[in-house]
Amino acid sequence: MNDSLQSQYGYGGFALAADRQRVLRNTYWLLALSLVPTVLGAWIGVSTGLFRAMSGGMSALVFFIGAFGLMFVIERTKNSAAGVVALLTFTFFMGLMLSRLVGMVLGFRNGSSLVMTAFGGTAAIFFAMASLSTVIKRDLSAMGKFLFVGALVLMIAGIANIFLQSSALMLTMLVLSLGVFSAFMLYDIKRVVDGGETNYITATLAIYLDLYNVFQSLLSLLGIFGGDRD
């Protein structure tokens with residue numbers, strides 16, 4: 001009987017581990033795929049200048065309506081193939097919204113190298129966090145509350161700075177955003193590794209937002225401190 005129990009629980013543990021690996025693998029594949037519409041959206045946005053003349057307030061309004069609307073659709077359809085379509089539509093929209101920043105950085109003489117540096121830095125942070133998530137054995141679920149509060153404070157500060165136009169506040173936000181969303185990346189990947197998130201569409205959305213914010217923060221900082229206008 002003891003052998004039977006060991007066999008049963010051993011098989012159950014193997015099946016659970018295999019299921020977690022499947023979710024993680026699907027998440028990584030969908031995450032890689034989601035970068036394609038992001039790049040396409042950014043390219044279209046830069047080429048057409050769609051958001052170039054838009055004010056900061058109007059741009060923020062479009063972002064919040066579009067992003068939160070599409071995230072609502074993703075959440076409603078996450079258990080079907082429509083969820084993948086909704087996610088890819090969301091990443092295309094996010095690419096469009098990113099085009100304003102990318103276009104500004106590409107206006108520098110070394111703009112292309114700054115974009116590639118930001119991309120490489122974001123990739124390095126992702127691989128570091130993904131590696132850490134498999135090494136750290138401690139439960140990181142308690143981090144979620146603090147990180148959520150940090151992200152909420154950053155969002156409120158960002159809205160406030162549309163009116164304040166403070167360079168010091170913007171720099172502080174960019175540095176904090178880089179730290180908060182790098183930590184969020186570790187937290188979100190760790191959740192998938194530990195089986196806390198079992199839906200790969202939801203997992204992809206969370207990690208994608210972390211990557212997006214890290215890239216945006218890095219690119220902004222590189223543009224501010226490394227942009228060459230000569």
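Structure shown above.
Sequence order as written defines the numbering, with residues in each chain counted from 1. Owing to the predicted nature of the model, reporting of local features is limited to residues with pLDDT of at least 70; listing and counting of side-chain atom pairs is limited to 80 or more, with chain, interface and lining totals taken over all residues. The side-chain quantities take in all heavy atoms of the structure and omit both hydrogens and water.

**Re the layout of surface pockets**
Its volume calculated, the second largest pocket comes out at about 660 Å³. Residues are said to line a cavity or pocket when one of their atoms sits within 4 Å of a point; the points come from a 1 Å grid over protein atoms alone, cavities being sets where a 1.4 Å probe fits but cannot get out and pockets being open sets with protein on both sides within 12 Å along at least five of seven lines. For the second largest pocket, the lining is made up of 24 residues, of which Leu35, Thr38, Val39, Phe119 and Phe215 are closest to its centre. The helix count covers DSSP runs of H or I at least four residues long, the strand count covers runs of E at least two residues long, and both are numbered beginning at the N terminus. When residues of the lining of the second largest pocket are traced back to their parent elements, those giving at least two are α1 (2-48), α3 (81-106), α4 (111-135) and α7 (200-226). The element best represented in the lining of the second largest pocket is α1, accounting for 10 residues. For the lining of the second largest pocket, a count of residues per class yields 21 nonpolar, three polar and no charged. Grid points are joined across faces, edges and corners, and a volume is the space filled by probe spheres set on the points. Residue polarity follows a fixed list, in which Ala, Val, Leu, Ile, Met, Phe, Trp, Tyr, Cys and Pro are nonpolar, Asp, Glu, Lys and Arg are charged, and the others, Gly among them, are polar.

**Describing the pattern of salt bridges**
For this document, the term salt bridge refers to a Lys or Arg side-chain nitrogen within 4 Å of an Asp or Glu carboxyl oxygen. Tallied over the full model, the rule gives four salt bridges. Note that lysine 190 is salt-bridged to aspartate 194, the shortest N-O span being 3.4 Å. Here lysine 190 and its partner aspartate 194 are both found in helix α6 (residues 167-194), four residues apart, which amounts to about one turn of the helix. Owing to a relative accessible area of 32%, aspartate 194 belongs among the partly exposed residues under this scheme. Measuring nitrogen to oxygen at the nearest pair gives 3.6 Å for the salt bridge that ties glutamate 197 to arginine 191. Only protein chains enter the accessibility calculation, which uses a 1.4 Å probe; a residue whose area is less than 20% of its type maximum is buried, one above 50% is exposed, and one in between is partly exposed. Since its relative accessible area comes to 14%, glutamate 197 is described here as buried. The class of arginine 191 is partly exposed, set by a relative accessible area of 30%.

**Some thoughts on the nonpolar core**
Phe90 and Leu219 are the most contacted members of the largest nonpolar core, which has 49 residues in total. Secondary-structure elements contributing two or more residues to this core are α1, α2 (56-77), α3, α4, α5 (143-164), α6 and α7. Discounting residues that sit within four places of it in the chain, leucine 219 has contacts with Leu101, Val102, Val105, Leu114, Val115 and Ala118. Among buried residues, those of type Ala, Val, Leu, Ile, Met, Phe, Trp, Tyr and Cys that are joined through side-chain atoms within 4.5 Å constitute a nonpolar core. By the convention used here, residues are in contact when the closest approach between their heavy atoms is within 4.5 Å.

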